[in-house]
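# Survey of secondary and tertiary structure
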Amino acid sequence: MSKKPIILVGGGGHCISCIEVINSIQEYEIIGVLDLKEKVGKLINGVEIIGTDDDIPELVKSCSNFLITVGQIKSSALRHKIFELIESVGGNLPTIVSPYAYVSSTSLIGKGTIVMHKAMVNVNAKVGINCILNTGCLIEHETEVDDFCHVSTHSVLNGQVNIGSNCFIGSSAVIANNISIPAESIIAAGAVVLKNPTMKGTFIGNPAKRI
């Protein structure tokens, strides 16, 4: 079976991890990476940087599949902008799931989302569009993660948690059962959220407090 071509958008550290995941799937052939103009022609883990975001309207004519490999720490604005550009010119944003992840057959994963190595998405969970479920994170039963979120490495979202859109959940953060996190919030690495926040913000510590 021939592999489907795909172009990656964003050539930083997150891109390197995405290349690793995509290569492990054996379903897609990475045609190239888009990044800054001055980086065109350079290689990132053996994959050539072939252009910039401005080339997407032309590239979509020969390769319809794209994955946004720009990372997301504080803001999802750049990932959101690129997503809208790709959609506006008819590009396709497939869902990418590592063969080393577990995704329940009863869960739903939105387009453009990547589920990385050793991540777990449990029964009846829902994950929105253009999210990052990073290495080793846990999305427990009936939990919902809205669009444009990054759930970082080894973070734990327990059962029936609700994560609003455009959130960042830091590495090894823990969200207790039945907690709702407001949209555009940042949960710092190692934070433990035991109560529902009353408003969006940045939360640190154990138990987590808004700063």
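This text goes with the structure placed above it.
Scoring rules and cut-offs
Position numbers for residues start from 1 in each chain and track the written sequence from start to end. Residues qualify for local features only when their pLDDT is at least 70, as the model is predicted, and side-chain atom pairs are given and counted only at 80 or more; totals for whole chains, interfaces and linings, by contrast, use all residues. In computing side-chain values, all of the structure's heavy atoms are included and hydrogens and water are not. Note: two strands are recorded as paired if DSSP finds a minimum of 2 bridges between them. Secondary structure counts use DSSP, requiring at least four H or I residues in a row for a helix and at least two E residues in a row for a strand, with both numbered from the N terminus. The rule is simple: take the accessible area with a 1.4 Å probe, protein chains only, and divide by the maximum for that residue type; under 20% is buried, over 50% is exposed, in between is partly exposed. Every residue pair with non-hydrogen atoms within 4.5 Å of one another is taken to be in contact. Whenever a pair of cysteine sulfur atoms sits within 2.5 Å, that pair is classed as a disulfide. Look down the strands so they point away from you; if the path from the first strand over the helix to the second goes clockwise, the crossover is right-handed. Buried residues of nine kinds, namely Ala, Val, Leu, Ile, Met, Phe, Trp, Tyr and Cys, make up a nonpolar core once their side-chain atoms join them within 4.5 Å.

## With respect to the sheet that holds strand β11 (residues 126–127)
Pairing in this open sheet of 5 strands is parallel, and the strands run β8-β11-β14-β17-β20 from one edge to the other. Each of the sheet's edge strands pairs with one partner strand only, and the pair in question is β8 (108–109) and β20 (180–181). Across 2 bridges, the pairing between strand β14 (residues 144–145) and strand β17 (residues 162–163) is parallel. Bridge pairing links E144 to N162 in β17.

## Side note on the environment of E29
Relative to the helices and strands, E29 is located in strand β2 (residues 28–34). E29 sits in the partly exposed class, given a relative accessible area of 44%. For E29 and I7, which are 22 residues apart along the polypeptide, the C-alpha to C-alpha distance reads 8.6 Å. For E29, the contacting residues outside a window of four places in its chain are K3, K4, P5 and I6.

## Some remarks on the state of the cysteines
Tallied over the full model, the rule gives 0 disulfides. The cysteine C137 is free of any disulfide, with C131 supplying the nearest cysteine sulfur at 10 Å. The class for C137 is buried, based on a relative accessible area of 1%. Not part of a disulfide, C149 finds its nearest cysteine sulfur in C167, a span of 4.8 Å.

## Details of the pairing of β2
Across the 7 residues that make up β2, a large majority, 5, are buried. Note that strand β1 (residues 4–9) and β2 share 6 bridges and pair parallel. Opposite P5, over in β2, you have E29 as the bridge partner. Considered for its hand, the β-α-β crossover made up of β1, helix α1 (residues 13–25) and β2 is right-handed. Note that β2 and strand β4 (residues 47–51) share 2 bridges and pair parallel. By the bridge assignment, V33 is partnered in β4 with I49.

## Side note on the nonpolar core
Among the nonpolar cores identified, the biggest contains 27 residues, and I139, V145, L157, I163 and I187 are the most heavily contacted of them. Those residues in contact with L157 that sit more than four places away from it in its chain are L138, I139, E140, T143, V145, V151, I163, I169 and I175. By size, the runner-up hydrophobic cluster in this structure holds 18 residues, among which are L8, C15, C18 and V33.

## What to know about the sheet that holds strand β9 (residues 114–115)
Within the open sheet, the 8 strands sit side by side as β6-β9-β12-β15-β18-β21-β23-β24. Their pairing is mixed. Here the strands that pair on one side only, and so sit at the sheet edges, are β6 (96–97) and β24 (209–210). Examined bridge by bridge, strand β21 (residues 186–187) and strand β23 (residues 202–204) share 2 bridges and lie parallel to one another. Bridged to I186 within β23 is T202.

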